[in-house]
Amino acid sequence: MKILVVGSGGREHVLVWKLGLADRVREIYCSPGNAGIADASKTRLLPKLSPRKLLDFAVSQSVDLAVVGPEASLVDGIGDLFRQAGVPLVGPSAGAARLEGSKAFAKDFMARHQIPTAAYQVFDEASTAAQALRNGLFDFPVVLKADGLAAGKGVLICADLQEAVAAVDRIMIARRFGTAGDRLVIEEFLQGEEASFMVLADGAGNVVPMVPSQDHKQIFEGDRGPNTGGMGAYSMDGLLSPDLRRRILDEVILPTVDGMNREGHPFAGILYAGLMLTADGPKVLEFNVRFGDPEAQVILPRLRSELSTLLLQAACGGLAGVRAEWTPDAAVCVVAASQGYPGSYPKGHEISGLERAGRMDKLVVFHAGTSHAGGRFLTSGGRVLGVTALAPTLEEAVRRAYAGLNEIHFDGIYYRRDIAYRRLSPPERNSE
Ligand code: AMP
Ligand code: GLY
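Residues numbered from 1 in each chain as written. Chains lettered and ligands numbered in written order. Predicted model: local features only at pLDDT ≥ 70, side-chain atom pairs only at ≥ 80, totals over all residues. Heavy atoms only, no water.

K.L.:
Would you mind going over the site of ligand 2 with me for this structure?
P.N.:
Surrounding ligand 2, one finds Asp-215, Gly-229, Tyr-272, Asn-288, Arg-290, Gly-292, Asp-293, Pro-294 and Glu-295. One of the backbone N or O atoms of Asp-293 is found 2.9 Å from a nitrogen atom in ligand 2. Glu-295 is positioned such that a nitrogen or oxygen atom in its side chain is 2.8 Å from a nitrogen atom of ligand 2. Protein contacts shield 90% of the accessible area of ligand 2, which totals 200 Å² for the unbound molecule. When its residues are assigned to classes, the shell around ligand 2 shows 2 nonpolar, 3 polar and 4 charged. (Near = heavy atom within 4 Å. Polar contact = N/O pair within 3.5 Å; in protein donor to acceptor, adjacent residues only side chain to side chain. Areas by Shrake-Rupley, 256 points an atom, 1.4 Å probe, with all protein chains shown as cover. Nonpolar A, V, L, I, M, F, W, Y, C, P; charged D, E, K, R; others polar.)

Spelled out as structure tokens, the structure:
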């Protein structure tokens, strides 16, 4: 089997790593990839190419399956392009990718299908949004979301009226998130713990749930500071009770798949529900239409079933009766970032210790922002690496992940020392 993976982050590295473990996978191409992906077995890097050029390549090389990591090209229609040409692709059509591409679409869709989510209103004008806030239509804190894709940064949580009115201005007038600020969603602030729940969906109404995980979005320990793409994640069976998983499937996932079908945009690919587990049950914060990053780095290492088979079944409407098998081990991924991220940061620092860490048991270093230069690895992005460890207990997985990170150095290396803290007893925190 020949597989094309699109993207360049830790999520794409874990995909390439996992796919490459199977004998049936002969060759993997990744566009544009990173230095770690370049070194992965069976893998060849391609330059960054347009969707049309990627399709031409896939057809010319008789690629059997394409897997798309980042949301932007799915929202732009790469799924439609490949499907029209008969090349199986894991990812939804542009019409179905609106679940992630437009927060207003996702909220209105949830309202149409009674899917639990925060109360909200959509605004096209800054003046009406500010007036609604002044008229007391929302309690504080309140959540403001730019409508389009904003790399996870277009969500502002505002403590009071003054902050909220200033945020309307930043999003809709100053256009801090570009055209994503054409429309604004204002919604109720939900309290609780967050969880990421992903399923494979095949466009024919069948879904295969993956194990749950929890991300750590903020840059600083204790969930403080600005949001990032994700600073670490963990996955373990006890994260959600069987009852809660059932509720998420029955109240969120299946009504979403069914609703998209009925609206003429069947969803095929990875459906990711970002949830708040509130006192009233699980509520949707957002949908993503692809694997989470770093969630994929803790979920895929736990998968016992063969990944390329599952992905091909998802791409071709063949998930009826399919189950995925998982190890009961806990998995933890800690992201090492460049000093300054999520703001500006330097690039080009040499990374040392990768070989030593790579030799450690049940530990894998996934690359994100790395490049090669003369046999050395250099930093080239905000999130540089993700160190993932597996172990029978969460405590042990945490200990291993931090022991791996201890071996790795680059100037300005920064990582959170409290990944998985919600599930650890106090003495285990800040281990290593
Ligand atoms: P989103 O991109 O919509 O998932 O928002 C990014 C982050 O903002 C989420 O992971 C939450 O931490 C936070 N957030 C979004 N919506 C809400 C909400 N309604 N209530 C509380 N926090 C929220
Ligand atoms: N880690 C959150 C995301 O991938 O959107």
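K.L.:
What exactly am I supposed to notice about unusual backbone geometry here?
P.N.:
If a residue is not glycine, its phi is most likely negative; likewise, a peptide bond is most likely trans. Along the chain, Ser-31 connects to Pro-32 via a cis peptide bond; the corresponding omega equals -5°. Looking at the secondary structure, you find Pro-32 in strand E2 (residues 27-32). Following Phe-140, the chain continues to Pro-141 via a peptide bond in cis, the omega torsion being -5°. Phi at Lys-42 is positive, roughly 65°, even though this residue is not glycine. Among the secondary structure elements, Lys-42 is positioned in the loop between helix H2 (35-38) and strand E3 (43-45). In this structure, Asp-223 is a non-glycine residue whose phi angle is positive, near 60°. On the secondary structure map, Asp-223 appears in the loop between strand E13 (218-220) and strand E14 (224-227). (Helix = DSSP H or I, 4+ residues; strand = E, 2+ residues; numbered from the N terminus.)

K.L.:
Where do I start with the pairing of strand E23 (residues 383-391) in this structure?
P.N.:
Two faces make up the sheet, and in a regular strand the side chains alternate between them. When you tally the buried positions in E23, you get 8 out of 9 residues, the bulk of the element. Two strands pair when backbone bridges link them, and strand E18 (residues 330-337) and E23 are joined in this way by 8 bridges, in the antiparallel orientation. Its bridge partner being in E23, Ala-330 is matched across the sheet by Ala-391. Where strand E20 (residues 363-367) lies against E23, 5 bridges are found, and the strand directions are antiparallel. Looking at E23, one finds that His-367 is bridged to Leu-385. (Buried < 20%, exposed > 50% of the residue type's maximum accessible area, 1.4 Å probe, protein only. Pairing = 2+ DSSP bridges.)

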